[in-house]
Amino acid sequence: MKVSKVVTKIVLRVFVILLVAAMVPLFQGDQAKLQHIYLTFHYSWQLVFPAIIIISFLFLLITCGLKKFNEPEMNWLLVVNTVVLLAYVIAISIKVMQIVG
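Predicted model only: the values in this text are computed from it and were never measured.

Criteria and cut-off values
- Residues numbered from 1 in each chain as written.
- Predicted model: local features only at pLDDT ≥ 70, side-chain atom pairs only at ≥ 80, totals over all residues.
- Heavy atoms only, no water.
- Patch = residues over 30% accessible without salt bridge, like charges linked within 9 Å, V, L, I, M, F, W, Y side chains within 5 Å.
- Areas by Shrake-Rupley, 256 points an atom, 1.4 Å probe, with all protein chains shown as cover.
- Salt bridge = Lys/Arg side-chain N within 4 Å of Asp/Glu carboxyl O.
- Helix = DSSP H or I, 4+ residues; strand = E, 2+ residues; numbered from the N terminus.
- Buried < 20%, exposed > 50% of the residue type's maximum accessible area, 1.4 Å probe, protein only.
- Expected span 1.5 Å × (residues − 1).
- Contact = heavy atoms within 4.5 Å.
- Phe/Tyr/Trp six-rings, centres within 6.5 Å; stacked < 30°, edge-to-face > 60°.
- pLDDT = per-residue confidence, 0-100.
- Core = buried A, V, L, I, M, F, W, Y, C linked by side-chain atoms within 4.5 Å.

Visitor: Hey, could you go over a nonpolar patch on the surface for me, with residue numbers and the actual values?
Guide: A surface patch of nonpolar side chains, amounting to about 470 Å² of accessible area, comprises Val6, Ile10, Val14, Leu18, Ile90 and Ile94. Counting residues per element, the nonpolar patch draws most heavily on helix α1 (residues 2-28), at four residues. The exposure class assigned to Leu18 is partly exposed, which follows from its relative accessible area of 36%.

In structure tokens:
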């Protein structure tokens, strides 16, 4: 049980650090280039899966926080969800940086 608690906290901290690092170019970069970035989706159902990942992340984060990270199953679900969300955020960040750069 203790391992899942430690791993969950490490993954959450890495996620927050990388999320903040991905937002740094938004504040330091050329604002004129950033104003002309548009993410287009050809089909509206393409937004369903990122929404599910984000909503489940928030649900698991709140649930684990309320239970003080004492349930290993919920902790591991939060770790898996955070890793998938992290991969999604990295992919979006790379795409935006390619457009800007």
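Here the narrative resumes, following the displayed structure.
Visitor: How would you summarise helix α4 (residues 72-100) if you had to cite specific residues and measurements?
Guide: The terminal C-alpha atoms of α4 lie 41 Å apart, and with 29 residues this matches the ideal 42 Å at 1.5 Å per residue to within 8%. Buried residues along α4 sit in contact with α1, α2 (31-34) and α3 (48-66).

Visitor: An account of the packing of aromatic side chains is needed here, citing residue identities and associated values.
Guide: Throughout the structure, instances matching the rule amount to three aromatic pairs. Ring geometry for Phe15 against Phe57: centres 5.2 Å apart, planes inclined by 55°, an arrangement best described as tilted. With Phe15 in helix α1 and Phe57 in helix α3, this pair connects stretches of sequence that are 42 residues apart. For the pair Phe15 and Phe57, one class covers both residues: buried. With a centroid separation of 6.5 Å and 85° between ring planes, the pair formed by Trp45 and Phe49 is classed as edge-to-face. Linked through ring pairs, Tyr43, Trp45 and Phe49 together constitute an aromatic cluster.

Visitor: Describe the confidence of the model for the protein, and please don't skip the residues or the numbers.
Guide: Averaged over all residues, the pLDDT of the protein equals 89, while 96% of them reach at least 70. When pLDDT is averaged over each element of the protein, α3 comes out on top at 96 and α2 at the bottom at 73.

Visitor: Which residues make up the side chain of Asn75, and what are the values?
Guide: The residue Asn75 is located in helix α4 in this model. For Asn75, a relative accessible area of 0% puts it in the buried group. Setting aside chain neighbours within four positions, we find Asn75 in contact with Ser4, Lys5, Thr8, Cys64, Phe69 and Asn70.

Visitor: Can you tell me about the nonpolar core, naming the residues and giving the values?
Guide: If you look at the biggest cluster of nonpolar residues, it comprises 11 residues: Leu12, Phe15, Phe57, Leu60, Cys64, Phe69, Met74, Leu78, Leu85, Leu86 and Val89. Put simply, the parts of the chain that give this core at least two residues each are α1, α3 and α4. In terms of residue count, α4 provides more of this core than any other element does, five residues in total. Residue contacts for Leu12: discarding those within four places in its chain leaves Phe57, Leu61, Phe69, Leu78 and Thr82.

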